[in-house]
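# Architecture at a glance
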2 protein chains.
Amino acid sequence: MKLDSSSEDSILAKIAHGAGLSSRTRAPRARLLLGIGDDAALFELHPGCETILTCDWFLEGTHFLREKHPPDSVGWKCLARAVSDVAAMGGVPRCCLLSLAVPASLTGRWLDSFLAGLRRASRKFNCVLAGGDTTRRDQILINVTVVGEVRKGRALTRSGAHPGDLIYVSGRLGEAEWGLRLLKQSKARRNPKLSPMRKHLYPEPRLALGQWLAARRVASAMMDLSDGLSSDLPRLCAASGVGARLLASQIPAVQIPARSRTGKADPAQLALHGGDDYELLFIVPPRHKNLMPRSFHSLPLTEIGVITPKRQIVLLDENSHARSLSPRGWDPFRRYY
Amino acid sequence: MKLDSSSEDSILAKIAHGAGLSSRTRAPRARLLLGIGDDAALFELHPGCETILTCDWFLEGTHFLREKHPPDSVGWKCLARAVSDVAAMGGVPRCCLLSLAVPASLTGRWLDSFLAGLRRASRKFNCVLAGGDTTRRDQILINVTVVGEVRKGRALTRSGAHPGDLIYVSGRLGEAEWGLRLLKQSKARRNPKLSPMRKHLYPEPRLALGQWLAARRVASAMMDLSDGLSSDLPRLCAASGVGARLLASQIPAVQIPARSRTGKADPAQLALHGGDDYELLFIVPPRHKNLMPRSFHSLPLTEIGVITPKRQIVLLDENSHARSLSPRGWDPFRRYY
């Protein structure tokens, strides 16, 4: 049997080769018993742990643009996004599945570069590619599943916040959104040294911070910021049955050179509504405030507000004027980018 | 915060409502600790088991047609396909994730009916919907992840076949392909009582048979028939480093009324190359032949050939003429339907 060079089996072989795995290979970290090439993947998780399971779309035209996003960034980011959900529970990623639909014309160089980015992320996050599904399609469609684990009872969910608890974020918000704008404007070659663009193209899920918060039992609730603070914070509050009061002046925002600041490039607005940052939003009971460092391995941790009993999200500006904060972050049912 | 009726949060609420789950609900079978509505799902698997992980695309235009496939069949089948991979390992499904992209115009009746089909399948296969991801898209895109488990060391893979082992299939092959043709021809209302059409629209993964074969250690290798015997058998043989000799006259084929038989509706061809049957292809060492019943809970089990040392797939016709069998089943990189 000879197979067409772009047949499903040959694409699977390319992906499996990249994963450095064959059937019955044992990868000690994930204890993967059976990788790519069978009906399903097979692995053993550690006793005393709960299993974390998450998946994420990454679709051409909705989540990335074929002409603007380098293929290795697409490979990196599709995994990073899903791994960020594991970070948001305080967990450790173990293995992943890649579902990929591509045009036959992209099964050469584009696919190679995509797989290189995916492999780099897989090594960085210790998350072994264990299987998946491929098919042909005129547009690039990606779905990534990640399995992780967390010590029994230690997972941080969205539902543990109580009135009086303090609201924290990691990093600076709005950087990825600003990076996306730079990327869309750029006619010449992209300069990935520019920090916001790098953050948009190659986000780094906050795994170590999430694991530290879960292991030390410092936080009462946590989630990752994927759609933007104004969209994500209400979700955490709804799950906990509480509200929040934010101090606008405290929210750590993307730094934009003065010459680039316009009405549409307001750092405060980007920090409130920009998506794709994959920073952690976490809630700390006041009795644990003294345990909170100002930064975690050079990643700034900032207190930005407080949980309130009344179920609404209020933003206090510099003059202590309060206004209700509406979700204006990323919602695929409201707009495309 | 008021949400647009088609916003992502309200669609998630609809899906979660359908799943009959809220955060921190405990569903004893899957020991689901955290369902839809957080960053990820959280569950505990049974000690002494290995974890099975699989995912499957189900895409409009590639795997189903919006005008021809009833939405509840789309919901049923997207889960059944992925569950079939768990059956193929001899495992028990535990929980699933749904990634769904739909046009905003289909978030009403179409989505309700889709979710009803998915829920029916989820109950039938004891596979709890634990989470997922939704987005908007002009075409319907579906990806389903299923997690299952199997007793340590008991999983049946594709790689255990040895020369001299006997080749078996469950059911009748080609029924789903014939059902698809009837569906595409039908101008009037579909008649789901017609067995081949029912098999195409609402396939039933052979979970009980797979579990029986794995628990009794009767089979040496197994896979499910999703792309057609001529495409799938070579994959099992390649994984085992062997070949196969099939007896054409023994292959149980779809029954087609004489008046409908044409060159394109040849039962033997449909049985060799038709996809979507989700029957099991399994390999039995000759010493276990006496353990094999003729049927399993009224599902016929048929010996169709033997594993050979030479790596090629040979088909013997009624006159004992041998010819090489080429993969002509479903390959998304070769053709659309």
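Residues numbered from 1 in each chain as written. Chains lettered and ligands numbered in written order. Predicted model: local features only at pLDDT ≥ 70, side-chain atom pairs only at ≥ 80, totals over all residues.

The next subject is the overall build of chain A. What chain A contains, in helices and strands, is eight helices and 14 strands. Counting across all 337 residues of chain A, residues that qualify as buried make up 55%. Taking the contacts inside chain A whose residues are at least 6 apart along the sequence as the reference set, 80% of them involve residues at least 24 apart. (Helix = DSSP H or I, 4+ residues; strand = E, 2+ residues; numbered from the N terminus. Buried ≥ 20, exposed ≤ 12 C-beta atoms within 10 Å, placed from the backbone. Contact = placed C-beta atoms within 7 Å.)

So, about the environment of M197 of chain B. Along the polypeptide, M197 of chain B turns up in helix 5 (residues 195-201). Counting along the chain gives 113 residues from M197 of chain B to S84 of chain B, while the straight-line C-alpha distance between them is 18 Å.

Below, the discussion takes up helix 2 (residues 71-87) of chain B. Between its first and last C-alpha atoms helix 2 of chain B spans 24 Å; for 17 residues at 1.5 Å apiece the expected length is 24 Å, and the two agree. Within helix 2 of chain B, 17 of the 17 residues are buried, which leaves it mostly tucked inside the rest of the structure. (Expected span 1.5 Å × (residues − 1).)

All names here are of chain A. Within strand 10 (residues 279-284), six of the six residues are buried, which leaves it mostly tucked inside the rest of the structure. Of the two faces of strand 10, both are covered, the one formed by E279, L281 and I283 as well as the one formed by L280, F282 and V284. Note that strand 7 (residues 166-170) and strand 10 share four bridges and pair antiparallel. Residue pairing across strands places I167 opposite I283, the latter belonging to strand 10. Note that strand 8 (residues 221-225) and strand 10 share five bridges and pair antiparallel. The residue of strand 10 that forms the bridge with D224 is L280. (Pairing = 2+ DSSP bridges.)

A few words now on the relation of the copies chain A and chain B. For the pair chain A and chain B, the best superposition has an RMSD of 0.0 Å and corresponds to a rotation of 180° with a translation of 0.0 Å parallel to the axis. What the rotation and shift describe, once combined, is the action of a two-fold rotation axis. In this assembly, 100% of the residues forming the interface of chain A have copies in chain B that are likewise at the interface, indicating an isologous arrangement. (Least-squares fit on C-alpha atoms with pLDDT ≥ 70 in both.)

Turning our eyes to something else, we now look at the sheet that holds strand 2 (residues 41-43) of chain A. Read from one edge of the open sheet, six strands run 1(A)-2(A)-3(B)-6(B)-4(B)-5(B), paired in mixed fashion. Two strands close off the open sheet at either side, each with one partner strand: strand 1 (32-34) of chain A together with strand 5 (128-136) of chain B. Geometrically, the sheet is characterised by an average inter-axis angle of 20° between neighbouring strands, direction not taken into account. When strand 3 (residues 49-59) of chain B meets strand 6 (residues 141-151) of chain B, the two strands line up antiparallel, connected through eleven bridges. Note that in strand 6 of chain B the partner of C49 of chain B across the bridge is R151 of chain B. (Axes fitted to C-alpha atoms, helices over the stretch in contact; angles between N-to-C directions.)

Another aspect to go through is the interface of chain A and chain B. Each partner contributes residues to the interface: chain A has 62 residues there, and chain B has 62 residues. Counting residues per element, the side of chain A that touches chain B draws most heavily on strand 3 (residues 49-59) of chain A, which supplies nine residues.

In terms of nonpolar packing, the biggest core is built from 194 residues, with L79, C96 and A130 of chain A together with L79, C96 and A130 of chain B touching the most fellow members. If near-sequence neighbours (up to four positions away) are discounted, L79 of chain B is found in contact with C96, L118, A121, S122, F125, C127 and V144 of chain B. (Core = buried A, V, L, I, M, F, W, Y, C linked by C-beta atoms within 7 Å.)

Reading across from one edge, 5(A)-4(A)-6(A)-3(A)-2(B)-1(B) is the order of the six strands in this open sheet, with mixed pairing throughout. Taken across any chain shown, the strands that pair with only one partner, and hence form the sheet edges, are strand 5 (128-136) of chain A together with strand 1 (32-34) of chain B. The mean inter-strand angle of the sheet, taken between neighbouring strand axes irrespective of direction, is 20°.

Time to look at the domain arrangement of chain A. Residue and element names in this part refer to chain A. Here chain A is partitioned into domain 1 (8-151) and domain 2 (166-324). A C-alpha centroid distance of 27 Å is found between domain 1 and domain 2. For the side of domain 1 that touches domain 2, the element with the most residues is helix 2 (residues 71-87), which contributes nine residues. Residue classes in the side of domain 1 that touches domain 2 are distributed as eight nonpolar, four polar and four charged. (Domains from an automatic or database assignment. Nonpolar A, V, L, I, M, F, W, Y, C, P; charged D, E, K, R; others polar.)

Here we take up the pairing of strand 3 of chain A. Most of strand 3 of chain A is tucked away, with ten of its eleven residues classed as buried. Where strand 3 of chain A lies against strand 2 (residues 41-43) of chain B, three bridges are found, and the strand directions are antiparallel. Paired with I52 of chain A across the bridge in strand 2 of chain B is L42 of chain B.

Residue and element names in this part refer to chain A. If you check the backbone angles, Y278 has positive phi at about 55° while not being a glycine. By secondary structure assignment, the location of Y278 is in the loop between helix 8 (267-273) and strand 10. Y278 gets classed as buried once you count the C-beta atoms within 10 Å, which come to 24. The backbone phi angle of S298 is positive, close to 70°, even though this residue is not glycine.

Bringing the confidence of the model for chain A into the picture now. Residue and element names in this part refer to chain A. Here chain A shows a mean pLDDT of 89. Residues at 70 or above account for 89%. Per-residue pLDDT stays below 50 along residues 1-5; that stretch engages in eight contacts with residues further than four places along the chain or on separate chains. Across the interfaces of the predicted complex, the ipTM metric reaches 0.89, alongside a pTM of 0.91. (pLDDT = per-residue confidence, 0-100.)

The next thing to look at is the environment of L233 of chain B. All names here are of chain B. With respect to the secondary-structure elements, L233 resides in helix 7 (residues 229-240). Residue classification places L233 among the buried residues on the basis of 25 C-beta atoms within 10 Å. Taking the C-alpha atoms as reference points, L233 and G243, ten residues apart in sequence, are found 9.0 Å from one another. Leaving out residues up to four positions away in the same chain, L233 has contacts with A244, L281 and I313.

Our next topic: the packing of helix 2 of chain A against helix 3 (residues 109-124) of chain A. All names here are of chain A. Between helix 2 and helix 3, the shortest axis-to-axis distance is 6 Å and the interhelical angle comes to 40°. In terms of their interaxial angle, helix 2 and helix 3 are classed as oblique. For the element pair helix 2 and helix 3, the recorded crossing hand is right-handed. Of the residues in helix 3, those touching helix 2 at P71, D72, S73, V74, G75, W76, L79 and A80 are W110, S113, F114, L115, A116, G117, L118, R120, A121 and S122. Of the residues in the contact of helix 2 with helix 3, the class split is eleven nonpolar, five polar and two charged. (Parallel < 35°, antiparallel > 145°, perpendicular 65-115°, else oblique. Left-handed = near helix turned anticlockwise from the far one by under 90°.)

All names here are of chain A. Locating R154 in the fold gives a position in the loop between strand 6 (141-151) and strand 7. Since 17 C-beta atoms lie within 10 Å of it, R154 is described here as partly exposed. For the pair R154 and S260, spaced 106 residues apart in sequence, the C-alpha separation works out to 44 Å. Among residues more than four places away in sequence, those in contact with R154 are G90, A214 and A215.

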